[in-house]
There are 2 protein chains.
Amino acid sequence: MTESVDRKTAVLRLRSADDILILCHKNPDGDTIGCAGALYLALKALGKNAAILCSDPIPSLYDYMELRQFDQSFTPAFVVAVDVASIQLFGDRNNVQKYAEHVQLCIDHHASNSGYAYETLLDPGAAAACEVMAGVISDMGVPIDASIADCLYTGIATDTGCFRFASTTARTHQVAAHLIEAGADVERLNARLFESRSRARLEIERIALESLEYFFDGRCAMIYLTWDQIVTSGVPGAELEDLTSLPRSIEGVEVGLTLRQQKDGSYKISIRTSGTVDACAIARHLGGGGHSRAAGCEISGNLDIARFAILEEVRKELERWGLLERN
Amino acid sequence: MTESVDRKTAVLRLRSADDILILCHKNPDGDTIGCAGALYLALKALGKNAAILCSDPIPSLYDYMELRQFDQSFTPAFVVAVDVASIQLFGDRNNVQKYAEHVQLCIDHHASNSGYAYETLLDPGAAAACEVMAGVISDMGVPIDASIADCLYTGIATDTGCFRFASTTARTHQVAAHLIEAGADVERLNARLFESRSRARLEIERIALESLEYFFDGRCAMIYLTWDQIVTSGVPGAELEDLTSLPRSIEGVEVGLTLRQQKDGSYKISIRTSGTVDACAIARHLGGGGHSRAAGCEISGNLDIARFAILEEVRKELERWGLLERN
């Protein structure tokens, strides 16, 4: 079991160490990369040797950060993990597991952190690991310059959906203000992180909107995509996943459904609800599962069969909550 | 010509006045309504009589604000305008023009403010009129409670695209932090303001996406809407305005064009650019104007004529910046 440490102790460990390997989680996002990038620059500013290792390639979206990636010329003497909640999340490529077993310090904000590191600085009230890291770097005695500010802002902005998510607190905004004062180029960063959509993404959105149908007095909205449409559009999985929030985002909709045909012809159904209705209850009746607001299931058979089956369960659930009159 | 006043003077005027009429701009958005709502609540807290008047109905999206709307029982003794940059922007319904001619105090953040009021408190560095109003209310000696904070947060969040736009500064985030501490229910507000789209909005987006075309190796993207489509969709003006950011948001696009047919058949063209290309230069050649990244013009004639004219100017501008080889 890990030892919980405060910021002072974490800073002491980092200041006493050298040849520091910084580990990110797999499928890296702006928070784990921003956190690693900021820490790398801060350690470099203290004259230390450091490098970053991730199981997956770092998306080109983040190539404005000056990161030194781990290679064979680097021999780690101290291992720190950033924004990684459990050992499984390190992934298994690039020899990451070799170091993942011996993480000396973990800096994180996930309440679910499993405590795999020797010592853990955990702040579950922080909206992003970068919010924690901003305090760590200040306490390390490193002035936050524009490059470090860019990294930290990236993590905070991406993990909060640009200050939209419920995790955003007054402190999140205070840290953002501080980073802007330190020179974070938020105009360029926001344009890059939030205002650019691929052509493929727009094309699949157009197709999805063409399929949009409403049911049960507008309390349920459904979109569907065939396997051919998905393949032809060339949209990567993560962007396709984003689309599942579309039907639920429509005014008055309690249950949003996204039906995606799989290669074998069956339909994968994503269920998103706005609070009252239990998405997981709907999914469970069809052999699926998930959370109360986001769940999923799979139905074999053609589109008509899938539609009929899922709408029947949605109807029952809406009736159960008194959102629909029983016939 | 107006007299520029500082916050202290503006506060003095408001504190000395009573029976205060607060005017919003037409096609009201979150900033003008949030600003009016916050000022109304603050004046009420000081025991004053106040009411709000707008040329257009206040969208139901904002119905969580407790606003007293102007009616015949109210006789104004002092008129204050919030977030209204020029006298034309008051609109001409609800008898607004009667008061628009005699605005004693204007509180605004538009650098383009025409100076129509007797006195103007203008802060062009503020991301929203609500950012200015937050300071005014504090100086009025009214504690910012949760209801006032909700109003002010609404204006700041909507006018900055939830802290995404270039107008967002360190101070914008500091004010947001302060409003959250004061009890603004940002979770509920963000869900309502940013995660909910009307059916009409989605329908017009679908139509716009169907019209999407790319030009000049994908450096220019264009969408267009006919007058019939706009009227049939029933989308309010402000939501339609939002759509103009769509073509520019596509990866690789330097110039995004939105062509909206007017009632008389002519086309209103919105030009959005991503930094290099000058939108205003393009618009000026067609008798329009605006800013370097957002400009507009109007072209009489059918769609083919409008398309040809605007694309010709875009081509020249792309060539001028070396973004397109000359033929």
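Thresholds applied
- Residues numbered from 1 in each chain as written.
- Chains lettered and ligands numbered in written order.
- Predicted model: local features only at pLDDT ≥ 70, side-chain atom pairs only at ≥ 80, totals over all residues.
- Heavy atoms only, no water.
- Helix = DSSP H or I, 4+ residues; strand = E, 2+ residues; numbered from the N terminus.
- Buried < 20%, exposed > 50% of the residue type's maximum accessible area, 1.4 Å probe, protein only.
- Pairing = 2+ DSSP bridges.
- Contact = heavy atoms within 4.5 Å.
- Axes fitted to C-alpha atoms, helices over the stretch in contact; angles between N-to-C directions.
- Buried area = accessible area lost by both parts, 1.4 Å probe.
- Salt bridge = Lys/Arg side-chain N within 4 Å of Asp/Glu carboxyl O.
- Polar contact = N/O pair within 3.5 Å; in protein donor to acceptor, adjacent residues only side chain to side chain.
- Nonpolar A, V, L, I, M, F, W, Y, C, P; charged D, E, K, R; others polar.
- Least-squares fit on C-alpha atoms with pLDDT ≥ 70 in both.
- Expected span 1.5 Å × (residues − 1).
- Core = buried A, V, L, I, M, F, W, Y, C linked by side-chain atoms within 4.5 Å.
- pLDDT = per-residue confidence, 0-100.
- Phe/Tyr/Trp six-rings, centres within 6.5 Å; stacked < 30°, edge-to-face > 60°.
- Lys NZ or Arg CZ within 6 Å of the ring centre and 35° of its normal.

Now for the overall build of chain A. Per the secondary structure count, chain A includes 12 helices and 12 strands. Each principal axis of the C-alpha distribution contributes one length, and for chain A these read about 70 × 40 × 40 Å. Within chain A, the fraction of its 327 residues that count as buried is 55%.

Turning our eyes to something else, we now look at the sheet that holds strand β7 (residues 213-215) of chain A. The strands that make up a sheet pair up through hydrogen bonds in the backbone, lying either parallel or antiparallel. Residue and element names in this part refer to chain A. Pairing is mixed across the open sheet formed by six strands, whose spatial order is β7-β8-β9-β10-β12-β11. Each edge of the open sheet carries a strand with a single partner, namely β7 and β11 (289-290). Sheet topology note: the β11/strand β12 (residues 294-299) ladder contains two bridges and is antiparallel. Along β12, the bridge assignment pairs Gly289 with Gly296. Across the sheet, helix α8 (residues 199-211) is in contact with β7 and β8 (220-225); its angle to β8 comes to roughly 130°. Contacting β7, β8, β9 (255-261), β10 (267-273) and β12, helix α12 (residues 303-320) crosses the sheet at an angle of about 160° to β9.

Attention shifts here to the interface of chain A and chain B. As a measure of interface size, the accessible area lost when the parts come together is often cited. At the junction of the two partners, chain A supplies 36 residues and chain B supplies 38 residues. When chain A packs against chain B, the two sides together hide about 3,400 Å² of surface, and 55% of this comes from carbon and sulfur. Of all residues in chain A, Arg164, Glu195 and Arg199 of chain A give up the largest surface area on contact with chain B, accounting jointly for 19% of the area buried on that side. At the junction of chain A and chain B, the tally comes to one salt bridge. Residue Arg293 of chain B is joined to Glu187 of chain A by a salt bridge in which the shortest nitrogen-to-oxygen separation is 3.3 Å. The interface formed by chain A and chain B contains 12 residue pairs in polar contact (both at pLDDT 80 or more). Secondary-structure elements contributing two or more residues to the side of chain A that touches chain B are α6 (170-181), α7 (186-194) and α8 of chain A. Take the side of chain A that touches chain B: its biggest share by element is seven residues, from α6 of chain A. Taken together, the residues that form the side of chain A that touches chain B break down as 16 nonpolar, nine polar and 11 charged.

Turning our eyes to something else, we now look at the sheet that holds strand β5 (residues 105-108) of chain A. Residues and elements named next belong to chain A. Strand order in the open sheet formed by six strands is β1-β6-β5-β4-β2-β3, and the pairing between neighbours is parallel. The open sheet has two edge strands with one neighbour each: β1 (3-4) and β3 (50-53). Where strand β2 (residues 20-23) lies against β3, four bridges are found, and the strand directions are parallel. Across the sheet, the residue bridging to Leu21 is Ala51, located in β3. Across the sheet, helix α4 (residues 129-139) touches β4 (78-82), β5 and β6 (119-122), and the angle it forms with β5 is around 120°.

The transformation that overlays chain A on chain B combines an axial shift of 0.1 Å with a rotation of 180°, and the residual RMSD is 2.6 Å. Interpreted geometrically, this transformation is the action of a two-fold axis. Residue Arg206 of chain A of chain A places its C-alpha closer to the rotation axis than any other residue of that unit, at 2.0 Å. Of the residues that chain A buries at the interface, 100% are likewise interface residues in chain B, meaning the two copies contact each other through the same surface.

Turning next to α8 of chain A. Residue and element names in this part refer to chain A. Taking 1.5 Å as the rise per residue, α8 with 13 residues should run 18 Å; its terminal C-alpha atoms sit 19 Å apart, in good agreement. Within α8, 10 of the 13 residues are buried, which leaves the element mostly enclosed by the surrounding structure. Every buried residue belonging to α8 is among Ala200, Arg201, Leu202, Ile204, Glu205, Arg206, Ile207, Ala208, Leu209 and Ser211, and all of these are buried.

With that settled, consider the nonpolar core. Of all hydrophobic cores here, the largest spans 122 residues; its most connected members are Ile22 and Met140 of chain A together with Ile22 and Met140 of chain B. The residues touching Ile22 of chain B, leaving out its near neighbours within four places in the chain, are Ala36, Leu39, Tyr40, Leu43, Ala51, Ile52, Leu53, Val80 and Val82 of chain B. In terms of nonpolar packing, the next biggest core, distinct from the first, is built from 34 residues, Leu209 and Leu212 of chain A together with Ala200 and Leu246 of chain B among them.

Any residue range with low pLDDT should be treated as having predicted coordinates unsuitable for detailed reading. Confidence in the prediction for chain A averages 93 pLDDT; 99% of positions are at 70 or higher. Complex prediction metrics read pTM 0.83 and ipTM 0.82.

This model, assessed by the stated rule, comprises 11 aromatic pairs over all chains. On the numbers, 5.6 Å between centres and 70° between planes, the contact of Phe70 of chain A with Tyr99 of chain A is edge-to-face. Taken together, the residues Phe70 of chain A in the loop between β3 and β4 and Tyr99 of chain A in helix α3 (residues 96-100) connect sequence positions 29 residues apart. Taking relative accessible area as the criterion, Phe70 of chain A reaches 15% and is therefore assigned buried. An aromatic cluster of at least three residues, connected via ring pairs, comprises Tyr153 and Phe163 of chain A together with Tyr153 and Phe163 of chain B. When the ring centre of Tyr214 of chain B is taken as reference, the NZ or CZ atom of Arg199 of chain A above it lies at 3.4 Å.

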